[in-house]
Amino acid sequence: MKDKILIVDDESEMRKLLHVCMSQSTSFKADSVESGEKALEKIDANHYDLLLLDIMMPGMSGLEVITYIKERRKKDIPIILISALGETDDVVKGLNLGADDYIVKPFEPKELLARVSSVIRRTGKRLQENGVFTIHGLAINVEKMRVAYKNEIISFTSKEFSILKRMAMHPGRVYTREQLVELEWQDFYEGEPRNIDTHVKNIREKLKKAGCSTPVIKTVWGVGYQVAEEDRTK
């Protein structure tokens, strides 16, 4: 089955170029729209494995699209930002909002295909249409806020679930405590960012008690935490 890509760019020539790039691989099938508003309509009606999203668009910007998808639509679709030279600050904002990668215009088609393949391999193929994805033997149900290990439900608080889900959706990515607070709760988090340490400790203890021996959450000293990438060679 081909991975479905949604191209979102207001420039018709860029949409055509991206379509040509995607057609060079037998692994991808692409749709395209010219605005953020139409992108949300497509996402509501279809399942996509990845978005190629332009940052600067009239009307709804790429950053606003990410916010709607992640916070209002409650969907975790892998996203690669398409940026122009000089949009570094917007790229950083997009990555902090939940985008997975970015590529700068002009780009080589081979580089774009490699980035798309890499992001889908790391993130996109785990999330199923029923809202469940698996990693390290954990079945994480995004819609029901439920985690199971070997078919046994593990009871997490809402904050613990949010932290685990956020990092598990992007294995290998390092999150600071402040990023986790901002991405998951914004102005609604009570307490200090250091309280994230307690939540992570509780998650680890519950996973261990459930029989999960894999060190799912790793500490990156001086920075924060990450969910370890799975070893695909085993």
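Residues numbered from 1 in each chain as written. Predicted model: local features only at pLDDT ≥ 70, side-chain atom pairs only at ≥ 80, totals over all residues. Heavy atoms only, no water.

Enquirer: Honestly, the nonpolar core in this entry has me stumped. Any pointers?
Expert: Note on soluble globular proteins: their nonpolar side chains tend to be buried together. Ile 140 and Ile 217 are the most contacted members of the largest nonpolar core, which has 27 residues in total. Of all elements in the fold, only strand S6 (132-135), strand S7 (138-141), strand S8 (146-149), helix H6 (158-168), helix H7 (177-184), helix H8 (195-209) and strand S11 (224-227) reach the threshold of two or more residues within this core. Among the elements that take part in this core, H6 stands out by supplying five residues, more than any other. With near-sequence residues (within four places) excluded, Ile 217 lies in contact with Leu 164, Met 167, Val 200, Ile 203, Arg 204, Tyr 225, Gln 226 and Val 227. (Core = buried A, V, L, I, M, F, W, Y, C linked by side-chain atoms within 4.5 Å. Buried < 20%, exposed > 50% of the residue type's maximum accessible area, 1.4 Å probe, protein only. Helix = DSSP H or I, 4+ residues; strand = E, 2+ residues; numbered from the N terminus. Contact = heavy atoms within 4.5 Å.)

Enquirer: Please clarify how the pairing of S6 should be interpreted in this entry.
Expert: Regular strands have side chains that alternate between both faces of the sheet. Alignment of S6 against S7, held across four bridges, turns out to be antiparallel. Residue pairing for S7: Thr 134 is matched across the bridge by Ala 139. Linking two consecutive strands that pair antiparallel, namely S6 and S7, is a turn of two residues; a positive phi of about 55° is found at His 136 within it. (Pairing = 2+ DSSP bridges.)

Enquirer: Hey, could you run me through the pattern of salt bridges in this one?
Expert: In the structure shown here, the tally under the stated rule is eight salt bridges. A salt bridge links Glu 13 to Lys 16, with the shortest nitrogen-to-oxygen separation between them at 3.7 Å. Taken together, the residues span about one helical turn, with Glu 13 and Lys 16 both in helix H1 (residues 12-23) at a distance of three residues. As far as the burial class goes, Glu 13 and Lys 16 line up, both exposed. (Salt bridge = Lys/Arg side-chain N within 4 Å of Asp/Glu carboxyl O.)

Enquirer: What exactly am I supposed to notice about the sheet that holds strand S1 (residues 3-8) here?
Expert: Consider a sheet: its strands pair through backbone hydrogen bonds, and that pairing is either parallel or antiparallel. Strand order in the open sheet made by the five strands is S2-S1-S3-S4-S5, with parallel pairing throughout. Strand pairing shows two members of the sheet lacking a second neighbour, strand S2 (28-33) and strand S5 (101-104), which therefore form its edges. Strand-to-strand twist of the sheet, defined as the mean angle between neighbouring strand axes without regard to direction, takes the value 20°. Relative to strand S4 (residues 79-83), strand S3 (residues 50-54) runs parallel, the two sharing four bridges. Paired with Leu 52 across the strands is Ile 80, a residue of S4. Most of the contacts of helix H3 (residues 62-72) go to S3, to which it runs at about 150°, and overall it touches S3 and S4. Where helix H4 (residues 88-97) meets the sheet, it contacts S4 and S5, and its direction lies at approximately 170° from that of S4. (Axes fitted to C-alpha atoms, helices over the stretch in contact; angles between N-to-C directions.)

Enquirer: What exactly am I supposed to notice about the packing of helix H2 (residues 36-45) against H3 here?
Expert: Any two packed helices are characterised by how steeply their axes cross, that is the angle between the axes, and by the distance between the axes. Where H2 meets H3, the axes come as close as 10 Å, and the angle between the chain directions of the two elements is 25°. Relative to H3, H2 is oriented roughly parallel. Between H2 and H3 lies a crossing of right-handed hand. Counting all contacts with H2, which are made through Gly 36, Leu 40 and Ile 43, the residues of H3 involved are Val 65, Tyr 68 and Ile 69. (Parallel < 35°, antiparallel > 145°, perpendicular 65-115°, else oblique. Left-handed = near helix turned anticlockwise from the far one by under 90°.)

Enquirer: Would you take a moment to explain the packing of aromatic side chains for this structure?
Expert: Any aromatic ring pair is given by two values, namely how distant the centres are and how the planes are angled relative to each other. Going through the model one piece at a time under the given rule, you end up with zero aromatic pairs. Here the basic side chain of Lys 4 rests over the ring of Tyr 48, its NZ or CZ set 5.1 Å away from the ring centre. (Phe/Tyr/Trp six-rings, centres within 6.5 Å; stacked < 30°, edge-to-face > 60°. Lys NZ or Arg CZ within 6 Å of the ring centre and 35° of its normal.)

Enquirer: Looking at this structure, how should I read the environment of Phe 161?
Expert: With respect to the secondary-structure elements, Phe 161 resides in helix H6. Those residues within four positions of Phe 161 in sequence are excluded, and the remaining contacts are Ile 140, Asn 141, Val 142, Met 145, Arg 146, Val 147 and Phe 156.

Nothing here speaks to function; it is all geometry.
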